[in-house]
Amino acid sequence: MDKSIVTYSRSATIDLSRICSALCAYCDYPVNNLDQNQFELTIPYSTIKLCAQAKKAGVKEVIFQAGERPDNFAAVRARLDLWGFSSYIEYVYTVCELVFLEGLLPSINIGYISKDEMQIIRRMSSALYMMIDCADERILQEYSPRKTLQSRVDTIAYAGAGKVPVTTGLLVGLGESERSRREALEIIKALHAEYGNIQNVILRPYEPSNNGRFTVKDKLKKTELLRVVELARRILPHDVPITVPGVAEENILSFINAGVRDIGAYDIVEEKRRGLDYSKDLKQLEKDLKKKGLGLQRRLPIFSKYIVENWYSRKLAQVLDRYKALLKNSADVDLEDIDDSFAEEIAAAAARRRPAARRARAKRSAAKIFKKKR
Ligand code: SF4
């Protein structure tokens, strides 16, 4: 890890499904409105429109997110069946492939994935998001009883065995004990010692939920989060960068002073929804960092270290091999330098590997799905 560089990603997040089997009380994400067929599953072909916007905005990463195992619900399985998918994971693979064909790198944040499913997913997802969230027994039992800590640890381990880099982390401010924070960080440390696949650890400040099922006594203070950053820096190995999301913290510089070297994903969908201009914020941050002798650099969903060490599938190699060659020739490859050609490179490589007729067939069947849904 180059300590003089702070990294971030430009991303576009797509909700695959907001149906969730776990329904943790502290989370506002799920919308289990199955009666109205709402948020059941995103139509694969509909992702393409967002890809065009994303590429225009210089995005490289598409993050597919979903609640925990929506396929536990019969309505979701019926939809998958109607669309011709034999499993939920086949569907996730397909949407990843679609955005890859559009010139972007997919990463996924969909909860538990089994060992066998990981073998499929690893071919098309450049990285995996799997938060530990919290290791506090009291909170887990009371507010998140359906999502076990073990299932999250297992998913990270399966990813490690399959050489998939993982972004993990903690949700800070749920009222968790200091001891449980240490335990969660120790778990992450142990996983990294065993598999070497923890590419960064997010310390995400908890935004109090509006659902009325969970309340926190006090909103997390900045000083508290700074203390957790220091704790994490003491426990985690030095090759694992700590991420505090720049979009969640107004004064990100104080966290960078405390050792944070990644500021997460700046999402164009969120940017548009909130009417913000992230590029302006990032330009200002770059100037501030320069004064401290630090640089700001855009990264891919898979961190450079894992690109150099070949932690990607043969399919993703169509693009990442070229980037690896650049990284090997220079310790300081800036994504901005190869920005213009990057998306075209991905699309061209993908098209080379996938004959035009097959590609057209995939688009035709996706269009059929779209028609059926309407
Ligand atoms: S499993 Fe994830 S998405 Fe589902 S409720 Fe819990 S935190 Fe939210």
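Quantities reported herein were computed from a predicted structural model and do not represent experimental measurements.

Draft legend 1. Looking closely at the overall build of the protein chain. Helix and strand counts for the protein chain stand at 15 helices and 9 strands. Taking all 374 residues of the protein chain together, the buried fraction comes to 43%. Residue pairs at least 24 apart in sequence account for 76% of intrachain contacts in the protein chain once pairs closer than 6 positions are excluded.

Draft legend 2. Representation of helix H6 (residues 149-161) in the model. Taking 1.5 Å per residue as the helical rise, H6 with its 13 residues ought to reach 18 Å, and the 19 Å between its terminal C-alpha atoms agrees with that figure. The complete set of buried residues in H6 reads Arg 152, Thr 155, Ile 156, Tyr 158, Ala 159 and Gly 160. Next to the buried residues of H6 lie helix H4 (115-121), strand S4 (128-129), strand S5 (166-172) and helix H7 (178-195). Just downstream of H6, Lys 163 is the residue with a positive phi angle, here 55 degrees.

Draft legend 3. Local environment of the site of the ligand. Residues in close proximity to the ligand include Cys 20, Ala 22, Leu 23, Cys 24, Cys 27, Tyr 29, Pro 30, Gly 67, Glu 68, Gly 111 and Lys 147, which together make up its full environment. Tallied by class, the residues present in the shell around the ligand amount to 7 nonpolar, 2 polar and 2 charged.

Draft legend 4. Structural detail: unusual backbone geometry. Unusually for a residue other than glycine, Asp 133 sits at a positive phi of about 65 degrees. Here Asp 133 lies in the loop between S4 and helix H5 (137-143). The phi angle at Lys 163 is positive, at roughly 55 degrees, despite the residue not being glycine. Topologically, Lys 163 is positioned in the loop between H6 and S5.

Draft legend 5. The environment of Tyr 312, seen in detail. Here Tyr 312 lies in the loop between helix H12 (304-308) and helix H13 (314-329). Sequence separation of Tyr 312 and Ala 127 is 185 residues, and the distance between their C-alpha atoms is 8.8 Å. When sequence neighbours within four positions are dropped, the list of residues in contact with Tyr 312 reads Ser 126, Ile 302, Ala 317 and Leu 320.

Draft legend 6. Just the nonpolar core, in detail. Membership of the largest hydrophobic core comes to 96 residues, with the highest contact counts inside it found for Val 62, Phe 64, Val 92, Cys 96, Val 201, Leu 203 and Val 229. For this core, the leading source of residues is helix H3 (residues 88-101), giving 9 residues. Not counting residues within four places of it along the chain, the set of residues in contact with Cys 96 comprises Phe 64, Pro 106, Ile 108, Met 124 and Ser 125.

Draft legend 7. Structural detail: the pairing of S5. The buried count for S5 comes to 7 of 7 residues, which makes it a mostly enclosed element. Of the pairings in the sheet, the one linking S4 to S5 comprises 2 bridges and is parallel in character. If you follow Leu 128 over to S5, its bridge partner there is Val 166. Relative to strand S6 (residues 198-205), S5 is paired through 7 bridges, and the arrangement is parallel. What sits directly across from Gly 169, in S6, is Ile 202. In the classification by handedness, the crossover that spans S5, the intervening H7 and the parallel S6 is right-handed.

Rules used throughout
- Residues numbered from 1 in each chain as written.
- Predicted model: local features only at pLDDT ≥ 70, side-chain atom pairs only at ≥ 80, totals over all residues.
- Helix = DSSP H or I, 4+ residues; strand = E, 2+ residues; numbered from the N terminus.
- Buried ≥ 20, exposed ≤ 12 C-beta atoms within 10 Å, placed from the backbone.
- Contact = placed C-beta atoms within 7 Å.
- Expected span 1.5 Å × (residues − 1).
- Near = placed C-beta within 6 Å.
- Nonpolar A, V, L, I, M, F, W, Y, C, P; charged D, E, K, R; others polar.
- Core = buried A, V, L, I, M, F, W, Y, C linked by C-beta atoms within 7 Å.
- Pairing = 2+ DSSP bridges.
- Right-handed = clockwise from strand over helix to strand, strands pointing away.

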